[in-house]
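Coordinates in review
Listed below are the residues making up each chain.
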Amino acid sequence: MTMARITAGISTSHVPAIGAAIDHGDTGQDYWKPLFQGYEWTRTWLDRNRPDVVVLVYNDHASAFSLETIPTFALGCAATFEPADEGFGPRPVPTVHGHPELAWHLAESLILDEFDLTLMNRLDVDHGLTVPLSLMFGSPDAWPVRVIPLAVNVIQYPPPTGNRCWTLGEAIGRAVRAYDEDLDVQIWGTGGMSHQLQGPRAGLINTPFDTAFLDRLTSDPQALRRIPHLEYLRDAGSEGIELVMWLIMRGALGADVRELHRHYHVPASNTAVGHIVLEAREAAATPEGSS
Ligand code: DHB
Ligand code: FE
């Protein structure tokens, strides 16, 4: 019996100005060129390593949810997800197609595993989800993968802890590997890196913090689980807390990962942009007795 597997994790910042640069054809401009060049390796790699499904961990920025309803973890179970109107109209990108069968399997598995998710049968998706898709796939007529959105509250205090995100990631990994279909699944974590959009510290960027975070995804991931909210706030700025979503990605990959690619660029808008591709070594290993 061939089961689904998590093959790799991809993380990237999801700055809205990056989406606007793509949509307006500005990616070749001097300001943007070095940023987009850092994604070319991944786009080529994805041509050869295209998953069937991406579990895409992101946060909504008051587009689908207002402050009236704040789910900590919301899983997209619908067949399709429309780009959200973020104030300037929806981005001109394709409708996102989900994978309801796998999404409902995840819902059942995770809730029975004691993660009390909110289940979304309708969910409009904002730059948090569409900008990473554009960075990896450009501007196609249709997205080449199915996407299961997982929206995480990092907007309204209190967001989930890094450790809770990690354990949710581990549970997602278990659930995917227990799904009885021959599917390649990637998990993407978005947001970050250090940035603060408001208040006296607006524009804060902390490259040493970001570099250490990228290093520790492979060298010392257990330490990342223990970073408290206050440390994110102090060292990575008020919106740096988005980085807890990278820990859902990392937790799902298992103990043994290999870094395939990294890109770090400052600034895009007011933000430090980070991007990493991690291979899940357990999936890469040849199962005993095969061949
Ligand atoms: C900006 C918004 C974001 O959601 C983010 O993650 C980074 C930057 C911005 O408005 O510049
Ligand atoms: Fe954001």
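For the structure itself, look to the data block above.
No experiment lies behind these values; they were computed from the predicted model shown. (Residues numbered from 1 in each chain as written. Chains lettered and ligands numbered in written order. Predicted model: local features only at pLDDT ≥ 70, side-chain atom pairs only at ≥ 80, totals over all residues. Heavy atoms only, no water.)

On to the coordination of the iron ion (ligand 2). With distances of 2.1 to 2.2 Å, the protein atoms coordinating the iron ion (ligand 2) are His 14 (NE2), His 61 (NE2) and Glu 242 (OE). In terms of primary sequence, the donors binding the iron ion (ligand 2) are separated according to H-x46-H-x180-E. With His 61 in the loop between β2 (53-58) and β3 (73-76) and Glu 242 in the loop between α9 (229-236) and α10 (244-252), this pair connects stretches of sequence that are 181 residues apart. Residue classification places His 61 among the partly exposed positions, given a relative accessible area of 23%. (Donors = N, O, S within 2.8 Å, 3.2 Å for Na, K, Ca; no water. Helix = DSSP H or I, 4+ residues; strand = E, 2+ residues; numbered from the N terminus. Buried < 20%, exposed > 50% of the residue type's maximum accessible area, 1.4 Å probe, protein only.)

Right, let's get into the site of ligand 1. Around ligand 1, the neighbouring residues are His 14, Val 15, Pro 16, His 61, His 127, His 195, Leu 197, Glu 242, Ser 269 and Thr 271. For ligand 1, an oxygen atom lies 2.7 Å from a polar atom in the side chain of His 61. Within the side chain of Glu 242, one N or O atom sits 2.9 Å away from an oxygen atom of ligand 1. Notes on ligand 1: free accessible area 290 Å², of which the protein chains cover 85%. (Near = heavy atom within 4 Å. Polar contact = N/O pair within 3.5 Å; in protein donor to acceptor, adjacent residues only side chain to side chain. Areas by Shrake-Rupley, 256 points an atom, 1.4 Å probe, with all protein chains shown as cover.)

What follows covers the sheet that holds strand β1 (residues 5-12). The mixed open sheet is built from eight strands, whose spatial order is β6-β3-β7-β2-β8-β1-β10-β9. Edge positions in the open sheet fall to β6 (118-120) and β9 (257-268), since each of these has one partner strand only. Geometrically, the sheet is characterised by an average inter-axis angle of 20 degrees between neighbouring strands, direction not taken into account. Here nine bridges tie β9 to strand β10 (residues 271-280), and the two strands are oriented antiparallel to one another. Its bridge partner being in β10, His 265 is matched across the sheet by Val 273. Against the sheet, helix α6 (residues 162-177) makes contact with β1, β3, β7 (146-152) and β8 (184-190), and its axis sits at roughly 145 degrees relative to β1, the strand it touches most. (Pairing = 2+ DSSP bridges. Axes fitted to C-alpha atoms, helices over the stretch in contact; angles between N-to-C directions. Contact = heavy atoms within 4.5 Å.)

Before going further, it helps to examine the pattern of salt bridges. In the structure shown here, the tally under the stated rule is 11 salt bridges. The salt bridge involving Arg 262 is made with Asp 215; its shortest N-O contact spans 2.7 Å. A residue pair is termed long-range when its members are at least 10 positions apart, and Arg 262 in strand β9 and Asp 215 in helix α7 (residues 207-219) qualify at 47 residues. Since its relative accessible area comes to 33%, Asp 215 is described here as partly exposed. Look at the salt bridges and you will find they share partners, linking Arg 5, Asp 182 and Asp 184 into a network. (Salt bridge = Lys/Arg side-chain N within 4 Å of Asp/Glu carboxyl O.)

That's the geometry; what it means functionally is another story.
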